[in-house]
Amino acid sequence: MRSLRKINEETQGVLSVEDEHENKHKPTCCNLSTKQTVLVSTILICALIVFLAVAITVSVLLANYWEVYILEDNVSVSRTLRTLSDLQDIANQHVMSRNDYSGGYNASVEYILSKLQNTNLHVYTQTFDFVFWQEHDDSMYLRVSSTGGTGTLQYDYYQDFRVCQYSPSGVISNAGVGAVANGGCLDSDWAGFTPGLVAVIPTTATCDYDTKLYMGEKYGASMIIDYNIQDSSVPLWCSLYKVHTTPYITVKTPIANMLTMFGPLAVINAEVETSDIPLTTCNVLAETVDGDVNNTVAIGAHLDAYRGSGINDNGSGSMALLELALAVDASDQSLWLKNKILFGWWAVEEQDKKGSKYFLSHLNETNLSIACYLNMDMIASPNYIIYVLNGSQLHTTDNYTHSGNIQLQNMFMDYYDSQNVPYVINRINGEWSDFSAFLSANTPTTSTETGAWDLKTVQTRALFGGLAGAPADPCYHTSCDTEDNISEDALSISLHSNAHVLQKLAENEGLREFLASGTPQTPHNPSFSFSSYEV
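Only a predicted model underlies this, so the values are computations on that prediction, with no experimental measurement involved.

The next point concerns the sheet that holds strand 9 (residues 248–251). With mixed pairing, five strands are arranged side by side in an open sheet as 4-9-8-7-6. Strands at the two margins of the open sheet, each flanked by one partner only, are strand 4 (161–163) and strand 6 (177–179). Taken over all neighbouring pairs, the strand axes of this sheet differ in orientation by 30° on average, direction set aside. The strands touched by helix 6 (residues 253–262) within the sheet are strand 6, strand 7 (198–203), strand 8 (223–228) and strand 9, with strand 8 carrying the most contacts at an inclination of about 125°.

See below:
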């Protein structure tokens, strides 16, 4: 009988042989030691963690990128309307005025600075002295009677007649009337005119106001009375840019028609009183931190008002500019901004664009090289027309500027076409806003506007609605230009279109080459729709 110990030894021997046979057929990895297994597991876990971290980071970056990349989606009409209401409060606190003389402009500057103070933008002001041309409303009068008559018609200043900006003072006593044909631009228009008479001249596109006044002084007119050949509900607004000695006023069309009809029988008594007042003012400027300074995209709007609260002219443009600046600042500029953006709130636009002209004349004191300029002026007219500035008609002898003007026009046309928004190509008639200062400095430019005294036609009413035969803004340069004088639809279109174009320009690394390649394209008026905008 075998002993128990012997049986145990034999059993262990059999098990050892079987174990050795099994191990020969096991996978190699199973031969790893415990330390090796832990090491491999650790590496795999670490790799997984790194992969997940990278994936999450990329996802976040892409999400942020697309959020700020679409600047148009990050501007708000409702916020802009609230800032317009704040601007109205400022006017209310300064005798219903925001012009440079009333103090309302300085308060508007402080408001912009307060809104920008907590941003990452580089914000600064640019102070300069200028001479403010002041009308003395209480001294103005226009009285019309007739030879041998007993009655006298007395007209209200600014309601019935207005003084052309920069007109000199003058008193007219018992002067007769002489009608001048064809706009008074040519010597032949003045044939038979008697010196000493008041010249009544219709406005035409043949020449500017300075030329008409020069011709009037040449032929001895005691005063110029200008009027719109269309039946306008308000007197024309006009501005002179040269020194003259003869007063210049505009009247409502029915008054001019009556004067022309009476002719030599009409007797005019009038006084024009103006003065020059030395003042100090400033532009407000804000730059993005990031972006190529040699391809700076400038966008601006004038902050001053001519008369009254100036909410459409130009609170609408200057507050839309503030909304754009805040939206750009809220984004991560390093993710999308290739070219620096300059935001400019200009002073004294209403008196010969002095703010933007001062900035450009001192541009060499900055490190900015401006590639192009976008302007916003009166972008929410209540009886609005969506205009696109005709880049081909902007006068310049510089090829780059000419092509750039056309390219900027094309960008706005393309945007409106993509949104099914109709538009009208605006012909050029004078230098009515700050874009003209940049154009003179050979900078490609365009300007967003929705109309001033221009009458809406049956054709434009079919495109935009509203009232045909009425001005786009019946409160232009009057005291009724308040926060009630705003079209939210026009404001929305203007704000979103400028956000879109500004983004495209700011992200373009070949900006100057792109602008230089502009060629005219055929415009069209698509069906009208606001469906793309949210107020």
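From this point, the narrative continues.
Applying the stated rule across the entire model yields three disulfides. Here Cys164 is linked by a disulfide to Cys238, with a sulfur-sulfur distance of 2.1 Å. You can see Cys164 sitting in the loop between strand 4 and strand 5 (170–175) and its partner Cys238 sitting in the loop between strand 8 and strand 9, a full 74 residues away along the chain. Taking the relative accessible area as the measure of exposure, Cys164 reaches 0% and is therefore buried. The disulfide partner of Cys185 is Cys207, and the S-S distance across this bridge is 1.9 Å. Taking the sign of the S-S torsion, about -75° here, the bridge from Cys185 to Cys207 comes out left-handed. Of this pair, Cys185 sits in the loop between strand 6 and strand 7 while Cys207 sits in the loop between strand 7 and helix 5 (209–218), and the two are 22 residues apart along the sequence. Given a relative accessible area of 10%, Cys185 falls into the buried group.

With that settled, consider the confidence of the model for the protein chain. Per-residue pLDDT for the protein chain has a mean of 87; in total, 84% of the residues score no lower than 70. Throughout residues 1–30 the model reports pLDDT below 50, and contacts reaching past four residues in sequence, or to other chains, amount to two contacts. Under a pLDDT of 50 for its full length, residues 526–535 has, in the predicted model, 34 contacts with residues more than four places off or in other chains.

Take the side chain of Asn269 next. As for its position among the elements, Asn269 is in strand 10 (residues 266–272). A distance of 2.9 Å separates the side chain of Asn269 from the backbone nitrogen of Asn174, its partner in a polar contact. Filtering out sequence-adjacent residues up to four positions away, Asn269 remains in contact with Tyr141, Leu142, Arg143, Ile172, Ser173 and Asn174.

This part takes up the packing of helix 3 (residues 77–92) against helix 13 (residues 488–506). Between helix 3 and helix 13, whose axes approach to 10 Å, the crossing angle comes to 115°. Taken together, the axis directions place helix 3 and helix 13 in an arrangement best described as roughly perpendicular. Crossing geometry of helix 3 relative to helix 13 is assigned as right-handed. Across the interface between the two elements, Val77, Thr80, Leu81 and Leu84 from helix 3 touch Glu488, Leu491, Ser492, Leu495 and His496 from helix 13.

Moving on: the packing of helix 3 against helix 7 (residues 311–330). It is the contact of helix 3 with helix 7, at a shortest axis distance of 9 Å, that shows an interaxial angle of 130°. With respect to helix 7, the axis of helix 3 lies oblique. Along this stretch, helix 3 crosses helix 7, giving a crossing that reads as right-handed. The segment helix 3 lies against helix 7, with Arg79, Thr80, Thr83, Leu84, Leu87 and Gln88 engaging Ile311, Gly315, Ser316, Ser318, Met319, Ala320, Leu322 and Glu323. Residue composition of the contact of helix 3 with helix 7, by class: six nonpolar, six polar and two charged.

Quick notes on the rules
Residues numbered from 1 in each chain as written. Predicted model: local features only at pLDDT ≥ 70, side-chain atom pairs only at ≥ 80, totals over all residues. Heavy atoms only, no water. Pairing = 2+ DSSP bridges. Helix = DSSP H or I, 4+ residues; strand = E, 2+ residues; numbered from the N terminus. Axes fitted to C-alpha atoms, helices over the stretch in contact; angles between N-to-C directions. Contact = heavy atoms within 4.5 Å. Disulfide = S-S within 2.5 Å. Buried < 20%, exposed > 50% of the residue type's maximum accessible area, 1.4 Å probe, protein only. pLDDT = per-residue confidence, 0-100. Polar contact = N/O pair within 3.5 Å; in protein donor to acceptor, adjacent residues only side chain to side chain. Parallel < 35°, antiparallel > 145°, perpendicular 65-115°, else oblique. Left-handed = near helix turned anticlockwise from the far one by under 90°. Nonpolar A, V, L, I, M, F, W, Y, C, P; charged D, E, K, R; others polar.

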